[in-house]
Amino acid sequence: MRTTPNRAGRIAALVACTALALSACGSGGGDIDAQTAENEENAASGDCGELNMAVNPWVGYEADAYVVGTVAESLGCKVNYKDLKEDVSWQGFGTGEVDVVIEDWGHPDLEKKFFAEEGDGSGMDLGPTGNTGIIGWYVPPWLAEEHPDILDYENLNEYASEFATSESGGKGQFLGADPSYVQFDEAIVSNLDLDFKVVFSGSEAASIEAFRKAEENKEWLIGYFYEPQWLFAEVPLEKVALPPYEDGCQDDPAEVACDYPETELKKIASTSWVDEGGPAVDLVKNFQWTNDDQNQVAEYIAGEGMDPKAAAEKWIEENQDKVDAWMG
Amino acid sequence: MTTRAPAPSKEAQPDAPERDGLPRWVPVLAILVGWIALWALLRGQDTLALAGRERTDVMRWLGDFRDGVIASRSTNPVVAFTNGVGEVIRSVFGWLQELVSVPAFPRPVPQVGWLGVTALAAWVGLAVAGVRMALLVAATFVSFGVLGFWEEGIDLLLVTGLSVGVVVLLGLPLAVAMGTSPRARAVITPVLDAMQTMPTFVYLLPIVLFFGIGVSGAVVCTLIYALPPLIRIGGHGIRSVSPTAIEATDSTGQTRWQRLVKVQLPMARKTLVVGLNQSTMAALSMAIIASYVDGPGLGEPVLSALIRNDVGSSLVPGLLIVLTAIMLDRTTTAASQRAESAARGVGLRGRQRQVVLAVTGVVALVCVYLSRTYFSLAQFPDTGWGPRLSEALGSLTDAVVGFLSAPAEVFKNAVSYGLLNPLQNLLADSPWWLAAGAITLIALALGGVRAVVSTVLCLAGILFFGLWNDTMLTLTMVLVATLLVMAIAVVVGVWMARRPRVDLLLRPLLDAGQTIPAFCYLIPVLALFDPTRFTAIFAAVVYAAPPAIKLVADGVKAVPETTLEASRSTGTNAWQEITQVQLPIARGSLVLAANQGLLYVLAMIVIGGLVGAGALGYDVVLGFARSEEWGLGAAAGITIVLLGIMLDRIAQAAAARQGVSKRQSLLARARGGTRRAA
Amino acid sequence: MTATTTTETTGPARTGAGLEVRNLWKIFGPAADRIIGTPDAELSRADLKARTGSVVGVKDVSFDVAPGEVFVVMGLSGSGKSTLVRCLTRLIEPTAGTVRIGDQDVTGCSESQLRELRRTQVSMVFQHFGLLPHKQVIDNVAYGLEVRGMGKKERRAKAGEIVDLVGLSGYEQNYPDQLSGGMQQRVGLARALAGDPQMLLFDEPFSALDPLIRRDMQNEVIRLHHEVGKTMVFITHDLAEALKLGDRIMILRDGEVVQVGTPDEVVGAPADDYVADFTSEVPRSHVLTLKWVMRDPRPDDDLDGTAMSQDTIVRKAAQAVLASDKPVRVMDGDRLVGVVDDEEILRVVVAEESPA
């Protein structure tokens, strides 16, 4: 190491002195220190503890999660939002990494593994969110308008050829959805003798983009969709009537020939977290709202491009009465 | 990101194919004709297509195995150990985060604010890689802040750094084992193949079970993908240390350890650095996937924009990932070159340099101090540029999509009806034994006996896992995509090789195409092409074409000027020059480009599953999305690995016959930029 | 196999260890150790390869090298000479046979004994130098000392002396790739000398160099041999080099010894056509001694002319013989063994002008 300690040292000393002088002028930059002190004080007060909120990847869920989370924060809780798919979220109950899944569309398989009845009991049902999930076959609004009879499944075969694409091998194409959802469309198509082939979009993004484009360009499209979903604010899809759902008609996946049941969306929580109790547990238990409420927040997020947190705050401000009811 | 083509080798001379007597396409054509004839008679029989929800015993067994592991997790000592490891990772990461990226409670800001972090990073860049790299580093860091992704950007760097640290700890000893013991090499190589081709979605959830949600699971998943380049390339570097030097130093009576640390490792240093660089790129490419399990970083905003179908908002963090990749690539490359020359004491600037470093170091420390003191130097002020840029990018994308949608539709239909459907009919509607037999014969014609052995083993494995029909559908798309990649690579590659200006212009675009996460452009591509197989192919082409183009361009450029002069002296025109001289001589590069293109296309299968391509990619996505289908996903993942190994071995054997050395293909594969979407 | 006799040679200070090789075999390929002792071992190289898939590198070679002697092993490429020299310190493990260096049985020693032997007794110089590109010249030279565990200061001081000895002063801080080929090989030489070994092995050290530099380096070796006087085993495919450097020469073909002898023996009395062919273009007057060209005295010879030793090289004797009008008497000590006249000298010289 060939160095010139003298010169380098001198320059370094010079700069150090300048720095010291500068900092003296800045007199410690009060605002950071002040906030630090304030934070320390605040930390002493609240005793709500932590809330680990799973955030599953769809906008409606984000709406629920951030509204509940924001209210919890106002109660003095520290909320950790964790971006996770459903399976991982449920796995996290046992390890304490996840406390709440705020919107569950029904996962019998996971319930079997993690609820007390059959599984390890790390998770439990905290009741409905008040939202009703409606799953079914949908077409873009322009199509429903021009061919109203298409909204009955019995007329679908007349139009099958219009729905054909490069993927459907000569039949009409039915757009299956993101694999996260339970789908019986292949069975329904074959059991109702429909001249359609199910092609899976593979992701929610792909389905949304397909419906958007179909409406915009007046293209023929029929596919699996569901509400509440923010897309309805932009493109109000129309539901096609299938033979109505009856108890048990979906028990054998291969024999399904009826519509999907309406799903009561649920809140799932970690058993140990519920056992600990606290204001956040009560909040999650009490939380309930309507599809319109959720669609409103989802629209803020997806339509207006607001940050989920900001969207939640805006809704809370506008609906203080509903929020107060959850605190009850 | 820097792909080098092999110099045209002697064997790759134009007259090479006549060695076997017949050009190789003749038997291949004969096989195809025979296949089509039989297909016409037997189509639709024994296609092994599974009905919608049908699952095989193997898939159920895989699912049960996974359930068993979950059930035993509270009692399993392995899980206790891995949970411990996960805890360590999380706490180290948490500490680092509070240091530089998230508020260190009770402070409202991190211990070191943005100015300090940027200054320190730039100083490190200056010290190891020079002024220009320091500026690049500073620009990258500042753009994190300006666009409103400071925390995410720094988190991404932290996760990448942490993963690469572990990669070095685990990978170096394994690279040494690969480099010094042929037996270890034989054992490790197939494991690395599997690690690199197995879709992350298959092991993401089990890994999270063992190591926990968040950064710990993310780091371990990243490790699985980022380890192989260092081990492969490093092992290769150690293996190719001059045997004379080893013999000469052995003759001085050195011990094995002395040989390793004094001779092999120092002499392989350059290659080790290349390996490390590639591992870093691979680690970075896992950013998006990691955010599926709450891994911190720039992947998170990309995904959350994706669920809102907001193209602009996903492009901004996506471009920051590109910028980060370019920064890491260029600085590590520059650093290794510089270290080389610095070790030699080149120039007398040593003193000057130390003075500069000392002074700038002090300046950086002052910045650190200031960033601990002033709020606006600690937390990046909100500029509002990020949303504005997303909006602009969003409308730009809309405009482009609107402009292109009509021709896109025509092109999509042409490829789908003209190429995709016929090929798919042949592959997927043939009885399985006919398709398998034909593939084996083609492997024999292209790659000889060695290729056949791998092919038969892989086909047997594919059959065993029960997704034969889906495999044929996927294979169809892979072949069509590779064909398109090669068509583009030849046209653009030759263009770049003949026009230096075009080359200069296109290279950064190619780098971006290779590093930008596919999730960022899924929506516009879907808007153009709907959820179809073609969309999947298009995404694969975007990803696979850049390395192939670079390989072709470099190969054509490597054609000796004297050869071109000689041909011009006979009065050839440009077309003749390209087809008669440049392409034939660069044939080694073309073969290599095809091999690489194929592997890169394979890496996008799962993305294909997300955009309507169905088949194996969809099976993997389904297994990831629904826990009861995990067995299907795992079987599909293993099948993808087998398909990848099979295609790779056939291509390698074919390339070896073309005189492309294994080394070239290894390095090209490793360097082409190892990014995989899922 | 050719039995060998150690000829007493005269020369500079003779130090170093002797070498004794007995029935050394190296067979590459499957079942290598099951071939020796069977009839297969007697097959030619090509036949054995066809029969067993194994290749003979070294076939039942025995020889001795006296302390301080320069012993040259010569043969065309593929003759097994490089394999042979590597077997001497087991850089290649011999299949059978024994090697003794000094009083140590190399073939029987343990790995650590072998390391010790390589560190202190035997050094080697390689055709392609085998320098470490990441180390400076001085550290390349000191490498052998480094692996022994000698401290940096001490080994650099020692290496500095050797660098001076091989004429590389001033280049200590350079890196190998900054040097010419000849200078790189000086570094290789210095590295071999630095450990002060008893024996030096050279594996075609100068074949990668161009002719002028090669000549310089050969002279360098001769000079060093005069100064430090180590036992040297020198591998080459260049007969001129062998004749120039060797006290004795061993000629190998297909792994087998064809002939062992002093340079003039090899040229003057080639063991077979192979060797004869080899030596046919050698400038014989430079190699042969009077012993090989003299004739018996005839009754009419005038035997009071000049007397010369029978070991005088023809070229050196030529002028005196041609100048003398009487035949020159060739003496073995005090005994008259023959005479040479103009005719004998001219026969050798003219033969060179128009080679057969």
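Residues numbered from 1 in each chain as written. Chains lettered and ligands numbered in written order. Predicted model: local features only at pLDDT ≥ 70, side-chain atom pairs only at ≥ 80, totals over all residues. Heavy atoms only, no water.

Novice: Would you mind going over the overall build of chain A with me for this structure?
Specialist: In terms of helices and strands, chain A carries 15 helices and nine strands. Sorting the 328 residues of chain A into buried and exposed places 56% on the buried side. A separation of at least 24 residues holds for 71% of the contacts in chain A among residues at least 6 apart in sequence. A total accessible area of about 13,800 Å² is found for chain A, and carbon and sulfur atoms account for 48% of it. (Helix = DSSP H or I, 4+ residues; strand = E, 2+ residues; numbered from the N terminus. Buried < 20%, exposed > 50% of the residue type's maximum accessible area, 1.4 Å probe, protein only. Contact = heavy atoms within 4.5 Å. Areas by Shrake-Rupley, 256 points an atom, 1.4 Å probe, with all protein chains shown as cover.)

Novice: Can you help me understand the overall build of chain C in this one?
Specialist: Counting its regular elements, chain C contains 15 helices and 13 strands. For chain C, the C-alpha radius of gyration of 23 Å lies close to 21 Å, the compact-globule estimate for 356 residues. Taken along the three principal axes of its C-alpha coordinates, chain C extends 70 × 55 × 35 Å. Counting every position in chain C, which comprises 356 residues, the buried fraction comes to 52%. Carbon and sulfur atoms make up 48% of the accessible area of chain C, which totals about 15,700 Å². If the 41 positive side-chain charges of chain C are averaged to one point and the 54 negative ones to another, these points end up 7 Å apart. (Rg over C-alpha atoms; globule rule 2.2 N^0.38 Å. Lys, Arg positive; Asp, Glu negative; His and termini not counted. Charge placed at Lys NZ, Arg CZ, Asp CG, Glu CD.)

Novice: I keep staring at the pairing of strand β8 (residues 231-236) of chain C and nothing clicks. Help me out?
Specialist: All names here are of chain C. Across the six residues of β8, six count as buried, placing the element largely inside the fold. Because side chains alternate across β8, one face comprises the buried residues T231, V233 and I235, and the other comprises M232, F234 and T236, equally buried. By the bridge criterion, five bridges tie strand β3 (residues 70-74) to β8 in an arrangement that is parallel. Along β8, the bridge assignment pairs V70 with M232. As paired strands, strand β7 (residues 199-203) and β8 are joined by five bridges and run parallel to one another. Across the sheet, the residue bridging to D203 is I235, located in β8. (Pairing = 2+ DSSP bridges.)

Novice: Where do I start with the interface of chain C and chain B in this structure?
Specialist: Think of interface size as the accessible area that goes away when the parts come together; that is how it is often given. Of the residues lining the interface, 24 residues belong to chain C; the matching set on chain B comes to 19 residues. With both sides pooled, the region where chain C packs onto chain B buries about 1,900 Å², and carbon together with sulfur makes up 56% of that total. Here chain C is connected to chain B by three salt bridges. If you look at where chain C meets chain B, you find nine residue pairs in polar contact (both at pLDDT 80 or more). Of all elements in the fold, only α3 (111-120), β6 (122-125) and α5 (143-148) of chain C reach the threshold of two or more residues within the side of chain C that touches chain B. For the side of chain C that touches chain B, the class distribution of residues is 11 nonpolar, four polar and nine charged. (Buried area = accessible area lost by both parts, 1.4 Å probe. Salt bridge = Lys/Arg side-chain N within 4 Å of Asp/Glu carboxyl O. Polar contact = N/O pair within 3.5 Å; in protein donor to acceptor, adjacent residues only side chain to side chain. Nonpolar A, V, L, I, M, F, W, Y, C, P; charged D, E, K, R; others polar.)

Novice: Help me out: how do you make sense of the packing of helix α20 (residues 468-498) of chain B against helix α29 (residues 630-657) of chain B in this one?
Specialist: Packed helix pairs are characterised by how far apart their axes lie and by the angle those axes make with each other. Residues and elements named next belong to chain B. Running from amino to carboxyl end, α20 crosses α29 at an angle of 45°, the nearest separation of the two axes being 11 Å. Accordingly, the angle class assigned to the pair α20 and α29 is oblique. In this structure, α20 meets α29 at a crossing whose hand is right-handed. Between α20 and α29, the contacting residues are T471, T474, L475 and V478 on the first element and T639, L643 and L647 on the second. A class-by-class count of the residues in the contact of α20 with α29 yields four nonpolar, three polar and no charged. (Axes fitted to C-alpha atoms, helices over the stretch in contact; angles between N-to-C directions. Parallel < 35°, antiparallel > 145°, perpendicular 65-115°, else oblique. Left-handed = near helix turned anticlockwise from the far one by under 90°.)

Novice: I would appreciate a short explanation of the sheet that holds strand β1 (residues 19-28) of chain C in the present structure.
Specialist: Across a sheet, paired strands are connected by hydrogen bonds in the backbone, their directions being either parallel or antiparallel. Residues and elements named next belong to chain C. The sheet built from four strands is open, its strands ordered β2-β1-β4-β5 with antiparallel pairing. Of all the strands in the sheet, just β2 (55-65) and β5 (104-105) have a single pairing partner and so form its edges. Where strand β4 (residues 96-101) meets β5, two bridges bridge the pair, whose relative direction is antiparallel. Residue pairing for β5: I101 is matched across the bridge by Q104.

Novice: For this particular structure, what's the right way to read a nonpolar patch on the surface?
Specialist: Side chains of B:L441, B:L444, B:V449, B:V453 and B:L457 sit close together on the surface and give an oily, nonpolar patch of about 470 Å² of accessible area. Among the secondary structure elements, B:L444 is positioned in helix α19 (residues 432-464). (Patch = residues over 30% accessible without salt bridge, like charges linked within 9 Å, V, L, I, M, F, W, Y side chains within 5 Å.)

Novice: Teacher, can you tell me more about the pattern of salt bridges here?
Specialist: Pairing is possible between side chains that carry opposite charge, provided their charged atoms lie close to one another. Scanning all chains against the criterion turns up 51 salt bridges over all chains. Among the ionic pairs, B:D329 bridges to B:R330, the shortest N-O distance being 2.8 Å. On the basis of relative accessible area, B:D329 is assigned to the buried category, the value being 1%. Overall, the relative accessible area of 28% leaves B:R330 in the partly exposed class. Ionic pairing is found between B:R507 and B:D554, a salt bridge with its closest N-O pair at 2.9 Å. With B:R507 in helix α21 (residues 500-515) and B:D554 in helix α23 (residues 533-557), this residue pair connects regions lying 47 residues apart in the sequence. The class of B:D554 is buried, set by a relative accessible area of 10%. Bridged by salt links that share partners, the residues A:D109, A:K113, B:R66 and B:D67 form one connected network.

Novice: Can you help me understand the state of the cysteines in this one?
Specialist: Disulfides are covalent bonds that connect the sulfur atoms of two cysteines. The final tally for this structure, using the stated rule, is one disulfide over all chains. One disulfide bridge connects A:C249 with A:C258, the sulfur atoms lying 1.9 Å from each other. Residues A:C249 and A:C258 share a disulfide whose torsion about the S-S bond is about 80°; that sign makes it right-handed. Looking at the unpaired C:C87, the closest cysteine sulfur is the one in C:C109, lying at 14 Å. (Disulfide = S-S within 2.5 Å.)

Novice: For this particular structure, what's the right way to read the interface of chain B and chain A?
Specialist: Each partner contributes residues to the interface: chain B has 67 residues there, and chain A has 74 residues. Roughly 5,900 Å² is buried in total at the junction of chain B and chain A, and carbon and sulfur atoms are behind 59% of that figure. Contact with chain A buries surface across chain B, with B:I307, B:R308 and B:R626 losing the most and accounting together for 12% of the total. Taken together, the links from chain B to chain A amount to four salt bridges. Across the pair B:R90 and A:E97 runs a salt bridge, and its minimum N-O distance is 3.9 Å.

Novice: Help me out: how do you make sense of the nonpolar core in this one?
Specialist: One broad trend across soluble globular proteins is that nonpolar side chains are buried collectively. Grouped together as the largest cluster of nonpolar side chains are 304 residues, with contacts concentrated most on A:W137 and B:F519. At 16 residues, the largest contribution of residues to this core is made by α20(B). Two domains share this core, each providing at least three of its residues, namely domain 1 (47-132 + 263-327) and domain 2 (133-255) of chain A. If you look at the next biggest cluster of nonpolar residues, it comprises 62 residues, including C:L193, C:L200, C:A242 and C:M308. (Core = buried A, V, L, I, M, F, W, Y, C linked by side-chain atoms within 4.5 Å. Domains from an automatic or database assignment.)

Novice: Looking at this structure, I do not really get the packing of aromatic side chains. What am I missing?
Specialist: Given two aromatic rings, their pairing is described by the distance between the two centres and the angle made by the two planes. Counting across every chain of the model gives 43 aromatic pairs over all chains. A centroid spacing of 6.1 Å and a plane angle of 20° characterise the contact between A:F184 and A:Y260, whose relative ring orientation is stacked. Of this pair, A:F184 sits in the loop between β5 (172-176) and α8 (185-191) while A:Y260 sits in the loop between β8 (238-240) and β9 (263-270), and the two are 76 residues apart along the sequence. Accessibility assignment for this pair places A:F184 and A:Y260 in one class, buried. Both rings, one in B:W61 and one in B:F65, keep their centres 5.9 Å apart while their planes meet at 15°; by these two values the pair is stacked. (Phe/Tyr/Trp six-rings, centres within 6.5 Å; stacked < 30°, edge-to-face > 60°.)

Novice: Is there a simple way to explain the sheet that holds β3(C) in this structure?
Specialist: Residues and elements named next belong to chain C. Spatial strand order, β6-β7-β8-β3-β9-β10: six strands in an open sheet with mixed pairing. Whereas interior strands pair on both sides, the edge strands pair on one side only; in this sheet they are β6 and β10 (256-261). Looking at each pair of strands side by side, their axes are set apart by 15° on average, direction ignored. Bridge count between β3 and strand β9 (residues 248-253): four bridges; the pairing is parallel. Among the inter-strand pairings, V72 is bridged to a residue of β9, identified as I249. Lying over the sheet, helix α7 (residues 181-194) contacts β6 and β7, oriented at roughly 175° with respect to β6.

Novice: I'm lost on the confidence of the model for chain C in this one. Help?
Specialist: Keep in mind that low pLDDT regions are not for reading the predicted coordinates in detail. Residues and elements named next belong to chain C. Of the residues in chain C, 94% reach a pLDDT of 70 or more, and the chain-wide mean stands at 83. Every residue in residues 1-13 scores below 50 in pLDDT, and together they form 21 contacts with partners more than four places removed in sequence or on other chains. For this predicted complex, the interface confidence comes out at an ipTM of 0.82, alongside a pTM of 0.82. (pLDDT = per-residue confidence, 0-100.)

Novice: Before we go on, may I ask you to explain the domain arrangement of chain A in this structure?
Specialist: Residues and elements named next belong to chain A. Considered domain by domain, chain A is made up of domain 1 (47-132 + 263-327) and domain 2 (133-255). Once you take the C-alpha centre of each, domain 1 and domain 2 turn out to be 29 Å apart. With 16 residues of domain 1 at the interface, the matching set in domain 2 holds 11 residues. Counting each side, the surface lost to burial between domain 1 and domain 2 is near 1,100 Å², with a carbon and sulfur contribution of 57%. The largest contributions to the domain 1 side of the interface with domain 2 come from W105, T132 and N295, which together make up 37% of the buried area. The tally of links between domain 1 and domain 2 comes to zero salt bridges. Our count for the contact surface shared by domain 1 and domain 2 stands at one residue pair in polar contact (both at pLDDT 80 or more). Elements with a contribution of two residues or more to the side of domain 1 that touches domain 2: β4 (123-139), β9 and α13 (291-303). For the side of domain 1 that touches domain 2, the element with the most residues is α13, which contributes six residues. Here the residues of the side of domain 1 that touches domain 2 sort into seven nonpolar, six polar and three charged.

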